[in-house]
Amino acid sequence: QVRLVESGGGLVQAGGSLRLSCAAYGTIISGSDMGWYRQAPGKQRELVALITTGYTRNYADSVKGRFTISRDNALNTVYLQMDNLLPEDTAVYYCNIHTNRGMNYWGKGTLVTVSS
């Protein structure tokens, strides 16, 4: 059974930083694309950042230059470093794995709240 467990969310002031982690269980992430998504109250879930098996990174325009996605295949973990946080970054952040068999799995999410 595949499980993704996010951690690192919390309350931070605007301009601050947080680092999210997503640990994967029941699968090996090295053969999978990994992503971070977020969902703010009343809004649809949106892609924040994606890192492929070949370490290609893609970011939403709203976070370019502020967020960095990385992966440690040895630890089976993906990270999202978030700097210069803005109040509009407030959301529940979800980890996603898209396996090489075409399966998608989600974590339960971690809440990030940015105060102004």
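Notes on the structure in this doc start here.

### Digging into the state of the cysteines
Among covalent bonds in proteins, the disulfide is the one between the sulfur atoms of two cysteines. Scanning the entire structure with this criterion turns up 1 disulfide. Between the sulfur atoms of Cys22 and its disulfide mate Cys95 the distance is 2.1 Å. For the disulfide bridge between Cys22 and Cys95, the dihedral angle about the S-S bond is near -80°, and by the sign convention the bridge is left-handed. Separated by 73 residues along the polypeptide, Cys22 in strand β3 (residues 18–25) and Cys95 in strand β9 (residues 91–98) bring together distant segments of the chain. Relative accessible area serves as the criterion here: at 1%, Cys22 is assigned to the buried category. In this structure Cys95 comes out as buried when scored by relative accessible area, which is 0%.

### Focus on the pairing of strand β1 (residues 3–7)
Residues Leu4 and Glu6 point to one face of β1 and are all buried, whereas Arg3, Val5 and Ser7, pointing to the other face, are not buried. Pairing of β1 with β3 involves 5 bridges; the strand directions are antiparallel. Along β3, the bridge assignment pairs Arg3 with Tyr25.

### Details of the packing of aromatic side chains
Taken as a whole and assessed by the stated rule, the structure comprises 1 aromatic pair. Their ring planes at 70° and their centres at 4.9 Å tell us that Tyr37 and Trp106 sit as a pair that is edge-to-face. Placement of the pair is Tyr37 in strand β4 (residues 33–39) and Trp106 in strand β10 (residues 104–106), with a sequence separation of 69 residues. Residue Trp106 is classed as partly exposed on the basis of its relative accessible area of 38%. Its end group placed over the ring of Tyr25, Arg3 keeps NZ or CZ at 4.9 Å from the ring centre. Over the aromatic face of Tyr55 sits the side chain of Arg71, whose NZ or CZ is 5.9 Å from the ring centroid.

Reading the values: rules and limits
- Residues numbered from 1 in each chain as written.
- Predicted model: local features only at pLDDT ≥ 70, side-chain atom pairs only at ≥ 80, totals over all residues.
- Heavy atoms only, no water.
- Disulfide = S-S within 2.5 Å.
- Helix = DSSP H or I, 4+ residues; strand = E, 2+ residues; numbered from the N terminus.
- Buried < 20%, exposed > 50% of the residue type's maximum accessible area, 1.4 Å probe, protein only.
- Pairing = 2+ DSSP bridges.
- Phe/Tyr/Trp six-rings, centres within 6.5 Å; stacked < 30°, edge-to-face > 60°.
- Lys NZ or Arg CZ within 6 Å of the ring centre and 35° of its normal.

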